[in-house]
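# Inside the fold
Residue-level listing of the chains:
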Amino acid sequence: QSEGRYQLIPVSGASLEDLDAYRERLHLRFTLYHMDAEPSKQYRFSGTPDTVLVNGRGILVKRWSGAYNPGAMTQIEKTLSIRLPGLTTEKAAPE
């Protein structure tokens, strides 16, 4: 969707062993990266999910903290000019 303008790099503070087990358990085909405590502090990552946009020089451009709620999803989709898979920003129709 983004025509190669962005690269997804999933990063966690979990141990390499835990990341490998997680990747195997979910049958993920991409690499999960570990980040040590010091860089995590520099980027101000916390225990909650963080989605960040970092430019090619490693400078933080935009941050979305917490789980994807409709507002955050809309902002991420607009900022990156993408559509998040399996998620919708539209309200469900009443049953």
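Up top is the structure.
For clarity, every value in this text was computed on a predicted model and none was experimentally measured.

Basis of the calculations
Residues numbered from 1 in each chain as written. Predicted model: local features only at pLDDT ≥ 70, side-chain atom pairs only at ≥ 80, totals over all residues. Heavy atoms only, no water. Core = buried A, V, L, I, M, F, W, Y, C linked by side-chain atoms within 4.5 Å. Buried < 20%, exposed > 50% of the residue type's maximum accessible area, 1.4 Å probe, protein only. Helix = DSSP H or I, 4+ residues; strand = E, 2+ residues; numbered from the N terminus. Salt bridge = Lys/Arg side-chain N within 4 Å of Asp/Glu carboxyl O. Pairing = 2+ DSSP bridges. Polar contact = N/O pair within 3.5 Å; in protein donor to acceptor, adjacent residues only side chain to side chain. Contact = heavy atoms within 4.5 Å. Arc of directions from axis to C-beta.

This part is about the nonpolar core. In terms of nonpolar packing, the biggest core is built from 6 residues, these being Leu-53, Trp-64, Met-73, Ile-76, Leu-80 and Leu-84. Sorting elements by how many residues they give to this core places helix H3 (residues 70-80) first, with 3 residues.

Here we take up the pattern of salt bridges. For the structure on display, the rule yields 3 salt bridges. Salt-bridge contacts for Asp-50 lead to Arg-63; the nearest nitrogen and oxygen are separated by 3.7 Å. Highlighted residues: Asp-50 in strand E3 (residues 50-54) and Arg-63 in strand E4 (residues 60-65), separated in sequence by 13 residues. Across the pair Arg-83 and Glu-77 runs a salt bridge whose closest N-O atoms are separated by 3.2 Å. When its relative accessible area of 39% is taken as the criterion, Arg-83 is described as partly exposed.

Strand direction decides the pairing type here: E3 and E4, joined by 5 bridges, are antiparallel. Bridging from a neighbouring strand, Thr-51 pairs with Trp-64 of E4. Taking the residues between adjacent antiparallel strands as the criterion, E3 and E4 are bridged by 5 residues, where Gly-58 takes a positive phi near 85 degrees.

Mapping Ser-40 onto the fold places it in helix H2 (residues 37-42). On the basis of relative accessibility, which here comes to 15%, the residue Ser-40 falls in the buried class. At 3.1 Å, the side chain of Ser-40 and the backbone oxygen of Asp-36 are in polar contact. Setting aside residues up to four positions removed in sequence, Ser-40 forms contacts with Met-35 and Phe-45.

Among the residues of H3, those classed as buried are Ala-72, Met-73, Ile-76, Glu-77 and Leu-80. Looking straight down H3, one finds that the buried residues subtend no more than 130 degrees of arc, so they occupy a single side. The exposed residues of H3 that point more than 90 degrees off its buried face are Pro-70 and Lys-78. For H3, the secondary structure elements touched by its buried residues are E3 and E4.

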